[in-house]
Amino acid sequence: MSANILVIAEHDGAELYPGTLNTVAAAGEIAARHDGGGGAGEIHILLVGENLGEIAKSCAKAAGVTKILVVDDAKFAHPGAEDVAAQISAALGGGAYSHALAPASTFGKAVIPYAAALLDRQAISDISEVSEADTFVRPIYAGNAMETVKSLESPVLLTVRTTAFEPAAQDGNAAVENAAAAEPPVRVKFIEHALSSSERPELTSARVVVSGGRGMQNGENFAMLEKLADKLGGAVGASRAAVDAGFVPNEYQVGQTGKVVAPDLYLAVGISGAIQHLAGMKDSKCIVAINNDEEAPIFQVADYSWCEDLFTAVPALQGELEK
Amino acid sequence: MKILVPVKRVIDANIRVRVKSDNSGVETANVKMAMNPFCEIAVEEALRIKEAGDAEEVILFSAGGEKTPETIRTGLAMGADRGVHVQTDERLEPLTIAKMIAAVAEKEGADLVILGKQSIDGDNNQTGQMLAAIMKRPLGSYISEIKKNAEGFAITREIDAGLEKLQIGSPAVVTTDLRLNEPRYASLPNIMKAKKKPIETLSPADVGVEIKARTEVLKVAEPPAREAGVRVSGAGELVDKLKNEAKVIS
Ligand SMILES: Cc1cc2nc3c(=O)[nH]c(=O)nc-3n(C[C@H](O)[C@H](O)[C@H](O)COP(=O)(O)OP(=O)(O)OC[C@H]3O[C@@H](n4cnc5c(N)ncnc54)[C@H](O)[C@@H]3O)c2cc1C
């Protein structure tokens, strides 16, 4: 049986998403733990879409990767989960790979289980640690517990908590190969994307994240946090309450059922610190909480707790940073 | 149109779960259980589609031990018509559950299966995707909107970059995100009515699914604890600490 590992690239048709590189790093950890059976295998990247030339070049730079398999087809201009899963299952079908991994993003979380079921395999979600080539640690119950789980089958299909792995370096030089498109079992019709464009860094890979909660009171007040984020070179996030109230769009949500972030600095403003929110940010290096409730649970995980009205504290902080 | 909604019994979202001292799992004895919040959203959406006149029947499904019918009953009290319970005390992995749901959806002739995108216990986020693959039906995952139309369903998905609109055919499988709707509370008369609604009990063999472990849980442990830090009382002090103590800004 092959010990090669397949990483599924995530991209938007123009650029490779950085989470792919963290996933390559997780693949590297699995490769390092493969025992016997001809030793460590190779790491390949599968790239599915249309007009992939530039993205394939970015993939080829991922350190430790030897081959990029490109399925470039006009009908995959906006690939659905079905489309990508069919390519994964075709690539894995012949026993060519021991593992397939994708980032635990909305992309990876949709395609990996789909591909696993096509292959009659049980996937393992959101791994944050590789213990053995077949054994992984992952958060359950909103991160209230960590489960060590061993796969009893092959190939093993996984999604990877990208914040738990340092991205692979970009000094590689992998070969790029075209692969034939496999026919998906069924197709869906893409209509449109409504994506908010922002010059700020992407939330899940930003070094600084400034998040607001219900305490912000409305969407306009988020301008304060945007200004602060821009001063710090960071991204803006939010609690579920702030998203549900319509202050900011859904893609800002940090938490158990939103995005997982682990920046150097996480600033929680007017956020109480519900367990579901903590699930998405408690691995941040340094947490600062601004809240006017002495008892707010967020203070129990914050490195620096500032009990103050946010409408006083945030402008004061901005002023101090601009000094 | 018939809608099938699989629902799961989980520890209530407001309960702080505790890891068992022997690291075999989390404490579930004498812990308040509830319907998984995403499944509630799925039931609510099915009921709204029925109330809009686009569906005739909403059927609930759940697999699990002897208390599982209580959770089905919760959905019946919200307004669903009847339930199917696959009774088993074995550990169920998403692929096994997806196979059971597929068998029931096939048997019932369900045109639409609405599932929660994840359950808040295992946080797997897999069953709906697997079901779509097994049934070879179009998938709409993480939806915040669904409208029936001539070609099937127009859906909006919440994705990491924003929103995505898709047209999917029918029959279909969709999974719910948080902002699809706000689930109703069951009224007292409906709770009473639900007691008389039928729940069919089946065995895994009845739905043709063999339960086979594909993964093994070796250990469940506490996450690394995060210590509370220090209080600051002004912007100057905070910036100083971030620069010189934590060294996260320059
Ligand atoms: C299934 C499920 C999934 C969930 N997933 C997520 C998730 O992914 N992410 C998430 O965030 N939540 C999630 N939640 C919701 C979570 O339980 C909380 O309800 C939510 O995080 C609360 O958001 P909040 O802290 O902004 O609001 P609140 O809890 O209302 O807190 C607002 C805070 O602002 C403070 N405040 C108010 N005014 C001021 C002021 N002027 N100055 C300073 N402080 C002020 C208050 O003291 C309070 O602490 C989920 C819940 C469920 C059931």
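Parameters at a glance
- Residues numbered from 1 in each chain as written.
- Chains lettered and ligands numbered in written order.
- Predicted model: local features only at pLDDT ≥ 70, side-chain atom pairs only at ≥ 80, totals over all residues.
- Heavy atoms only, no water.
- 1 Å grid on protein atoms, 1.4 Å probe; cavity = no way out; pocket = protein on both sides within 12 Å on 5 of 7 lines; lining within 4 Å.
- Points joined across faces, edges and corners; volume = space filled by probe spheres on them.
- Nonpolar A, V, L, I, M, F, W, Y, C, P; charged D, E, K, R; others polar.
- Domains from an automatic or database assignment.
- Patch = residues over 30% accessible without salt bridge, like charges linked within 9 Å, V, L, I, M, F, W, Y side chains within 5 Å.
- Areas by Shrake-Rupley, 256 points an atom, 1.4 Å probe, with all protein chains shown as cover.
- Salt bridge = Lys/Arg side-chain N within 4 Å of Asp/Glu carboxyl O.
- Helix = DSSP H or I, 4+ residues; strand = E, 2+ residues; numbered from the N terminus.
- Near = heavy atom within 4 Å.
- Polar contact = N/O pair within 3.5 Å; in protein donor to acceptor, adjacent residues only side chain to side chain.

**Looking at empty space enclosed by the protein**
If a probe as big as a water molecule is rolled over the atoms, it shows which places are left empty. Across all of its chains, the model carries 2 cavities of 30 Å³ or more by this definition. The calculated volume of the largest cavity comes to roughly 110 Å³. Every residue lining the largest cavity is listed: Tyr141, Ala142, Asn144, Gln256, Ile275 and Gln276 of chain A together with Ile11, Asp12, Ala13, Ile15, Val17 and Ile120 of chain B. Grouping the constituent residues of the lining of the largest cavity by class yields 8 nonpolar, 3 polar and 1 charged. Residue-level mapping places the lining of the largest cavity at the junction of two domains, with at least three residues from each of domain 1 (4–178) and domain 2 (203–322) of chain A.

**Focus on a nonpolar patch on the surface**
On the surface, a cluster of nonpolar side chains totalling about 290 Å² of accessible area is made up of Leu188, Ile191 and Met192 of chain B. With respect to the element layout, Met192 of chain B can be found in helix H5 (residues 188–194).

**With respect to unusual backbone geometry**
Between Ser154 of chain A and Pro155 of chain A the backbone carries a cis peptide bond, its omega angle lying at -5°. A cis amide bond, omega 0°, links Ser170 of chain B with the succeeding residue Pro171 of chain B. Along the chain, Pro171 of chain B turns up in the loop between strand E9 (162–168) and strand E10 (172–176). Its identity as a non-glycine residue notwithstanding, Tyr141 of chain A has a phi of 50°, on the positive side.

**Looking at the site of the ligand**
Around the ligand, the structure places 28 residues, and the nearest of them are Arg214, Ser239, Ser272, Gln276 and Asn291 of chain A. Among the chains of the assembly, those with residues near the ligand are chains A and B. Interatomic distance of 2.8 Å between a side-chain N/O atom of His277 of chain A and an oxygen atom of the ligand. Here an oxygen atom of the ligand and a side-chain polar atom of Asn291 of chain A are 2.7 Å apart. A total of 980 Å² of accessible area belongs to the ligand in isolation, and the protein chains cover 82% of it. Elements that contribute at least two residues to the shell around the ligand include exactly helix H6 (240–244), helix H7 (275–278) and helix H8 (310–322) of chain A together with helix H1 (37–51) of chain B. Across the shell around the ligand, the residue classes break down as 9 nonpolar, 14 polar and 5 charged.

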